Amino acid sequence: MPNYSYPPMEQRRVMGKRITRLDGMEKAAGKAKYNSDVRPKGTIHAVGVFSPHAHARVKSVDTSAAQQAPGFAAVSVVAAPGAEVNWAGQEIAFVAAQTEEQARDCARLIKVEYEALPHLVREENLAKAGSRGKPAGEQVTGDPEAAFSAAGAVTHEAEYGIPVITHCCLEPHGQIVAWDGAANKIEYWPSTQAISAVGGDLAKQLELPATQVHSHQDHIGGGFGSKFQSDLWGAHAAKLSKMAGGKPVKLYLERREELTIAGVRPSVFGKVKLSASASGEMTGWDSTTWMTGGFAGGGLNADLLPYVFRNVANRRINHTAVSTNNGASRAWRAPNHPQVCYITCAAMEDLAAKLKMDPMEFFLKNLDKTPRADTYKAQILKAAEMIAWKQNWKPRGSSTGTVKRGLGLALGTWGGAGHASRCRTTINPDGSVLIEIGSQDLGTGTRTIITQVVAETLGLPMGGITLKLGDNNYPASGASGGSTTVGGVSASSRKASVDALDKLFAAVAPALGVPADQLEAVDSKIQVKGNAAKSMTWKAACAKLGVSAIIAENANDPRNPGGLTTGGVGGCQMADVSVDTETGIVKINKVVAVQDVGLVINPKTSDSQVYGGVIMGICAALMEERVMDEMTGRFLNADMEFYKLAGAGDIGEIEVHMDITPDHDKRGVIGIGEPATVPTIACIANAVANAIGVRVPVLPLTPKNVLNALHNTTRRLA
Amino acid sequence: MNAFEYASPATLKEALGLLGNSWSDAAVLAGGTDLLSLMKDHIAEPKRVVNIKGIKELGGITKSGGGLRIGANATVDELMESAAVRAEYPSLVAAARGIDSPQVRNMGTVVGDLCQRPRCWYYRNGFGLLAMKGGKSLVESGQNEFHSIFSSGPAKFVSASSFGPALIALGAKVKIASASGSREVAVADFFKAPTGDGDREIDLKPNEIVTEIVVPAAKGAKNATYEVRNKEGLDWPLATASVVLTMKGANVATAKIVLGHVGPTPVVAADAASSLAGKAINEETATAAGKAAVAGAKPLSDNGYKVQLAAVAVKRALLAAAGKA
């Protein structure tokens, strides 16, 4: 069994270095081609017809006028007469034409008659949900009532909520697809987080063998968990292509549909009661939460409550999923966690205020209820040092003046162990090295870190490695979800490259006069271990291969990762905010993020992941909210005008501290994309409560919600 | 967007000849930052688009009789960079800065800002300017956090104009041309709350073009605009106030206060303004004027918070004008 372990921290030459992203310049210069930029010769354009009703039965679909329109190529009806549509934006038909404008004209010529049916699109008032609410069974541990009524117990009871937010991918969902009917082969350029699997998913929809779909993708403009499937529009784009004689069809969602039907994050609303002893020992938790994940319901795991502090002795959980007439939810960067983190950390901050305790002390005192007390303690103390908690924190509501300042904290956790991944390493006789892997770079630096791992393994500069990914002809690698990519691709590329190198050692060992296991690859040379004098150049060594390249393929097996990757991390974030109490505008002064993440291959790209995670959290905390209208059943702000995202001026300063230590390093590689976004919302919301002296119970922290909280005019949920 | 005929006339006369008697005949294109989105959403479906950018006589910002002449093609960026504007009209500069997108400032025109259509999400989602359904106001019964707090009629949207309040406070006029002649309208009268679905929110007919804005000389009057916006970057204000003060010594001689983004037209707060006469501007008098300015507010179910924002905008605009911000 070869030794696949990474070199010890202090011996690494390429791994662990702050390497700039390999495709950064290409992207910054606008040279990177996203699939929405791809235009194979002869491309025609398709657009959709979507239901304007939140709930209706389709009475008729008449495409005859569209078929007579200039440029018409093909039409594919999704919802036949009699079909029930369950949300505004549900797909009725797709139509292709020679130009995008003609396709839009054709779509407007498709006449659809509906019989409108009653709908429910808002879920914050559970009483109005009626039979649409599906309660999960109650869970009870210990005796929460006894905890609440115990002598000396201090209890706090309140409502909290986070609305549905969207993924808001800048590159919408969609694809270019060409279906050659004669050969029955499909060329497919999707915007996807799963290049190895999405072609098979499309083939399944079209009842074709997976072998018939060739998928390509160099870059993706955002997915955040919403781009794993080929989707209905993928299948219909392919059908339109076949109908149009195999011409490539470009079908990307418009911004409105991108926000409406391409996935959202479930909401959560709830009533929480919790208790602590006078000295701050948390004794009981009781939460009744509800949410919507769209028509299908589901999508939030309330069993995670109370988040991180789940081992509280007495606990009661009730949760109801409400089916609403909205598009389905999809995984959204750290599914479940940001919502339950907010519910938990907000309630704890509020109880700490009631106890007249510093919430940091309250959190520290209760770390025994978490699975990683030592890690969290170190992280809290580090974050506190970075944000100068001791100097800057004041008891809730004691900040004076019109603009009030406050601090808040929250904790997060995530898994992030590597997924199943295969990689092929080829060492050519001319010394060139090719890595092929059916993975994708979501913009996180996957290209860069694979190249670092291989360069480290083969003793070569990064420029000596050619990496190919983003194609399902390469060895299959998992979807990029759950922060599993970095652990998977680093392990598979490490193992394939160690195997290839061992073969090279075997080929050159005779010439160097030592057994193969006495060789090492360092500084573009193959040398006898510890004896640089006895060596040959990488190029000379590879020349010994004659005409046969070395090809080695290996995999990360998630059930037996061999120490190269593990999961399970913690993080602490603290926010420093200023709130203008006259306008309700919240300004982020600073967010600090302390995160453990195992072995860090590239501190620069991992820091960037944390920046990105924190920024997404800031957007959700301050601005993001899907606004549904009960009268019309419409998503009113399915745009980027009133669906607001924070801009550069709203972000404030973000300071990242990655826990890079020998102990963490020994755990192997762990994903960072998701954990870093978990605590941000909660720590900002807590900082606002600390600043203004009252809780803004339902996010986002807009002027409306902040002023309503200050004036005690917040509407009760139920 | 529907297919349309595109005309690019070189003279105003030619342009006026290309307009029709109905809004669906022709639309005037200057910056296009609003028109194109209206057309894409099929809110506007003109058969002809008349590009006026090539008409030289409609360009530029010039000093005129001690005041300013702002041509129909003058962009927001030109206004913001104009030395004449910067010297005497900080309220206009602040309103321009509030349009916090270099792209929009570079393309969008000041006149276009006055003529743009409301941003009401019911209107933009195709439910009509007044957003009535079955005799009920969708805005009143629905999601109205960004809507009017000063509506007496059925129009519940807010005027989207950034410059309207400042221009009204400064006493500006617009010049409007049609094939049959030209007319002048005070900016204060240019905005009007529609009462029927066919009405417009500005005093302009389909066969007319606003050719220029005439701003009177500031004559040393102190002026300022304060905007409350949630975001630092491009974002519609939640409430704004523009003020103009003439002083007699340390005290106010005359004041004008105009609120923006809180009603279907800019809202002139005459009582609040007159209550300042003879007083010095300080935290106390400015706060009182802010409160007076919103005394007649009638918030909807979900926008009561805007009453305070409007009052605060007035206070802060007054303090800024008085150099006390």
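Residues numbered from 1 in each chain as written. Chains lettered and ligands numbered in written order. Predicted model: local features only at pLDDT ≥ 70, side-chain atom pairs only at ≥ 80, totals over all residues. Heavy atoms only, no water.

Before we go on, may I ask you to explain the overall build of chain A in this structure?
If you tally the helices and strands in chain A, you get 19 helices and 29 strands. Computed over C-alpha atoms, the radius of gyration of chain A comes to 28 Å, within 12% of the 27 Å expected from 2.2 N^0.38 for 718 residues, which places it in the range of a compact globule. Overall size of chain A, expressed as C-alpha extent along the three principal axes, is 80 × 70 × 45 Å. A total of 718 residues make up chain A; the buried ones form 61% of that total. (Helix = DSSP H or I, 4+ residues; strand = E, 2+ residues; numbered from the N terminus. Rg over C-alpha atoms; globule rule 2.2 N^0.38 Å. Buried < 20%, exposed > 50% of the residue type's maximum accessible area, 1.4 Å probe, protein only.)

I tried to follow the nonpolar core on my own but got confused; where do I start?
It is characteristic of soluble globular proteins that their nonpolar side chains tend to be buried jointly. Core analysis: the biggest nonpolar cluster contains 104 residues, and Phe362, Met574, Ile684 and Leu701 of chain A have the highest contact counts within it. With 11 residues, the single largest contributor to this core is helix H8 (residues 337–355) of chain A. Once you skip the residues sitting within four places of it in the chain, Met574 of chain A turns out to touch Met360, Ile380, Ala383, Ala384, Ile387, Trp389, Gly408, Leu409, Lys590, Val591, Val592 and Cys683 of chain A. Among the nonpolar cores identified, the runner-up in size contains 57 residues, and Leu129, Ile257, Ile281 and Leu300 of chain B belong to it. (Core = buried A, V, L, I, M, F, W, Y, C linked by side-chain atoms within 4.5 Å. Contact = heavy atoms within 4.5 Å.)

Help me out: how do you make sense of the domain arrangement of chain A in this one?
A common way to express how large an interface is: the accessible area buried when the components associate. Residue and element names in this part refer to chain A. In terms of domain boundaries, chain A breaks down into domain 1 (9–32 + 418–556), domain 2 (42–118 + 173–252) and domain 3 (345–416 + 566–710). Domain 1 and domain 2 are separated by 39 Å when their C-alpha centres are compared. Contact residues are listed per partner, giving 21 residues for domain 1 and 14 residues for domain 2. Each partner contributes to the roughly 1,300 Å² buried at the junction of domain 1 and domain 2, and carbon and sulfur atoms together form 47% of this total. When the buried area of domain 1 at its contact with domain 2 is split by residue, Gln440, Leu442 and Asn472 rank highest and sum to 37% of it. If you look at where domain 1 meets domain 2, you find 0 salt bridges. Remark: the boundary between domain 1 and domain 2 carries 11 residue pairs in polar contact (both at pLDDT 80 or more). When the residues that make up the side of domain 1 that touches domain 2 are grouped by side-chain class, the tally is 6 nonpolar, 9 polar and 6 charged. (Domains from an automatic or database assignment. Buried area = accessible area lost by both parts, 1.4 Å probe. Salt bridge = Lys/Arg side-chain N within 4 Å of Asp/Glu carboxyl O. Polar contact = N/O pair within 3.5 Å; in protein donor to acceptor, adjacent residues only side chain to side chain. Nonpolar A, V, L, I, M, F, W, Y, C, P; charged D, E, K, R; others polar.)

I'm lost on the pattern of salt bridges in this one. Help?
Oppositely charged side chains may form a pair once their charged atoms are brought near each other. Tallied over the entire structure, the rule returns 55 salt bridges over all chains. Glu84 of chain A is the partner of Arg57 of chain A in a salt bridge, and the nearest nitrogen-oxygen pair spans 4.0 Å. Residue Arg57 of chain A is located in strand S2 (residues 56–62), and its partner Glu84 of chain A is located in strand S4 (residues 84–85); the two are separated by 27 residues in the primary sequence. Put simply, Asp596 of chain A and Arg667 of chain A hold a salt bridge, and the shortest N to O gap is 2.8 Å. Separated by 71 residues along the polypeptide, Asp596 of chain A in the loop between strand S28 (585–595) and helix H15 (603–622) and Arg667 of chain A in the loop between helix H17 (662–665) and helix H18 (680–692) bring together distant segments of the chain. You can call Arg667 of chain A partly exposed: its relative accessible area is 22%. Residues joined in a network through salt bridges with shared partners are Asp580 and Glu582 of chain A together with Glu283, Lys315 and Arg316 of chain B.

How should I be thinking about empty space enclosed by the protein in this particular structure?
A water-sized probe rolled over the atoms picks out the places where empty space is left. What the rule picks out here adds up to 5 cavities of 30 Å³ or more. Counted as a void, the largest cavity has a volume near 180 Å³. Of the residues that constitute the lining of the largest cavity, the class distribution is 10 nonpolar, 2 polar and 3 charged. Reported here for the second largest cavity is a volume of approximately 110 Å³. Class assignment for the residues of the lining of the second largest cavity results in 8 nonpolar, 3 polar and 4 charged. (1 Å grid on protein atoms, 1.4 Å probe; cavity = no way out; pocket = protein on both sides within 12 Å on 5 of 7 lines; lining within 4 Å. Points joined across faces, edges and corners; volume = space filled by probe spheres on them.)

Explain the environment of Glu10 of chain A here, please?
Mapped onto the elements, Glu10 of chain A comes out in the segment before helix H1 (24–28). Residue Glu10 of chain A is classed as exposed on the basis of its relative accessible area of 66%.

Is there a simple way to think about helix H10 (residues 373–387) of chain A in this case?
For the α-helix, the turn length of 3.6 residues means that residues three or four positions removed from each other point alike. All names here are of chain A. For H10, which comprises 15 residues, the first-to-last C-alpha distance of 21 Å matches the rise-based estimate of 21 Å (1.5 Å per residue) to within 8%. Those residues of H10 that fall on the buried side of the exposure criterion are Tyr376, Gln379, Ile380, Ala383, Ala384, Met386 and Ile387. Angularly, the buried residues of H10 cover 160 degrees about the axis, an arc narrow enough to put them on a single face. Those residues of H10 that are exposed and aimed more than 90 degrees away from the buried face are Asp374 and Glu385. Close packing links the buried residues of H10 with helix H9 (359–365), helix H11 (389–392), strand S19 (403–414), strand S27 (569–580), S28 and strand S29 (653–658). The first or second residue beyond H10 is Ala388, which carries a positive phi of 55 degrees. (Expected span 1.5 Å × (residues − 1). Arc of directions from axis to C-beta.)

What's the story with the packing of aromatic side chains in this structure? I'm lost.
Aromatic rings considered in pairs are described by the distance between their centres and by the relative angle of their planes. By the definition in use, this model includes 11 aromatic pairs over all chains. On the basis of an interplanar angle of 65 degrees and a centroid distance of 5.4 Å, the ring pair of Trp121 of chain B and Phe146 of chain B is categorised as edge-to-face. Placement of the pair is Trp121 of chain B in helix H8 (residues 121–127) and Phe146 of chain B in the loop between helix H9 (138–141) and helix H10 (164–169), with a sequence separation of 25 residues. An angle of 70 degrees between the planes, with centres 6.4 Å apart, marks the rings of Tyr122 of chain B and Phe127 of chain B as edge-to-face. Each of the two residues, Tyr122 of chain B as well as Phe127 of chain B, counts as buried. An aromatic cluster is present here, built from Phe642 of chain A together with Trp121 and Phe146 of chain B joined pairwise through their rings. The ring centre of Tyr4 of chain A lies 5.6 Å from the NZ or CZ of Lys495 of chain A, which sits over that ring. (Phe/Tyr/Trp six-rings, centres within 6.5 Å; stacked < 30°, edge-to-face > 60°. Lys NZ or Arg CZ within 6 Å of the ring centre and 35° of its normal.)

I'm lost on the domain arrangement of chain B in this one. Help?
All names here are of chain B. Domain assignment breaks chain B into domain 1 (56–116 + 162–215) and domain 2 (222–321). One C-alpha centre belongs to domain 1, the other to domain 2; they are set 21 Å apart. Every contact between the two is made by 24 residues of domain 1 and, on the other side, 21 residues of domain 2. Note on domain 1 versus domain 2: buried area summed over both sides is about 1,600 Å², and carbon and sulfur give 64% of it. Ranking the residues of domain 1 by area buried against domain 2 places Asp100, Pro165 and Ala169 at the top, with a combined share of 32%. At the boundary of domain 1 with domain 2, the tally comes to 1 salt bridge.

Just to check I follow, could you spell out the interface of chain B and chain A for this structure?
On the side of chain A, 36 residues touch chain B, which itself brings 36 residues to the contact. Both faces considered, chain B and chain A share a buried interface measuring about 3,200 Å² in area, 51% of it formed by carbon and sulfur atoms. In this assembly, chain B and chain A are joined by 10 salt bridges. A salt bridge links Lys315 of chain B to Glu582 of chain A; the shortest N-O distance between them is 2.5 Å. Broken down by secondary-structure element, the contributors of at least two residues to the side of chain B that touches chain A are H8, H9 and helix H14 (305–321) of chain B. Element by element, the count of residues in the side of chain B that touches chain A is highest for H14 of chain B, at 6 residues. In the side of chain B that touches chain A, the residues fall into 12 nonpolar, 10 polar and 14 charged.

Would you mind going over helix H6 (residues 231–243) of chain A with me for this structure?
Residues and elements named next belong to chain A. Its 13 residues place the ends of H6 19 Å apart at the C-alpha level, agreeing with the 18 Å of an ideal helix rising 1.5 Å per residue. Taken as a whole, H6 has its buried residues at Asp231, Trp233, Gly234, Ala235, His236, Ala237, Ala238, Leu240 and Ser241. Residue Gly245 follows H6 closely and has a positive phi angle near 80 degrees.

For this particular structure, what's the right way to read the pairing of strand S12 (residues 239–248) of chain B?
One face of the sheet, then the other: side chains in a regular strand alternate in exactly this way. Residues and elements named next belong to chain B. Burial within S12 is extensive, with 7 of its 10 residues counted as buried. Bridge analysis of strand S11 (residues 222–228) against S12 gives 7 bridges, and the strand direction is antiparallel. Paired with Lys222 across the bridge in S12 is Leu245. For S12 and strand S13 (residues 251–260), the ladder comprises 9 bridges, and the chain directions are antiparallel. Along S13, the bridge assignment pairs Met247 with Val252. Two successive antiparallel strands, S12 and S13, enclose a turn made up of 2 residues, where Gly249 displays a positive phi of approximately 65 degrees. (Pairing = 2+ DSSP bridges.)

Sorry if this is basic, but what is going on with unusual backbone geometry here?
Peptide bonds are trans in most cases, and residues, glycine excluded, mostly fall at negative phi. Residue and element names in this part refer to chain A. Across the junction of Leu305 and Pro306, the peptide omega takes the value -15 degrees, indicating a cis bond. Looking at where Pro306 falls in the secondary structure, it is placed in the loop between strand S17 (282–292) and strand S18 (314–322). The omega angle of the peptide bond from Leu699 to Pro700 is 5 degrees, so this bond is cis rather than trans. Here Pro700 shows up in the loop between H18 and helix H19 (703–710). Phi angles above zero are rare outside glycine, and Lys356 is one such case at about 55 degrees.

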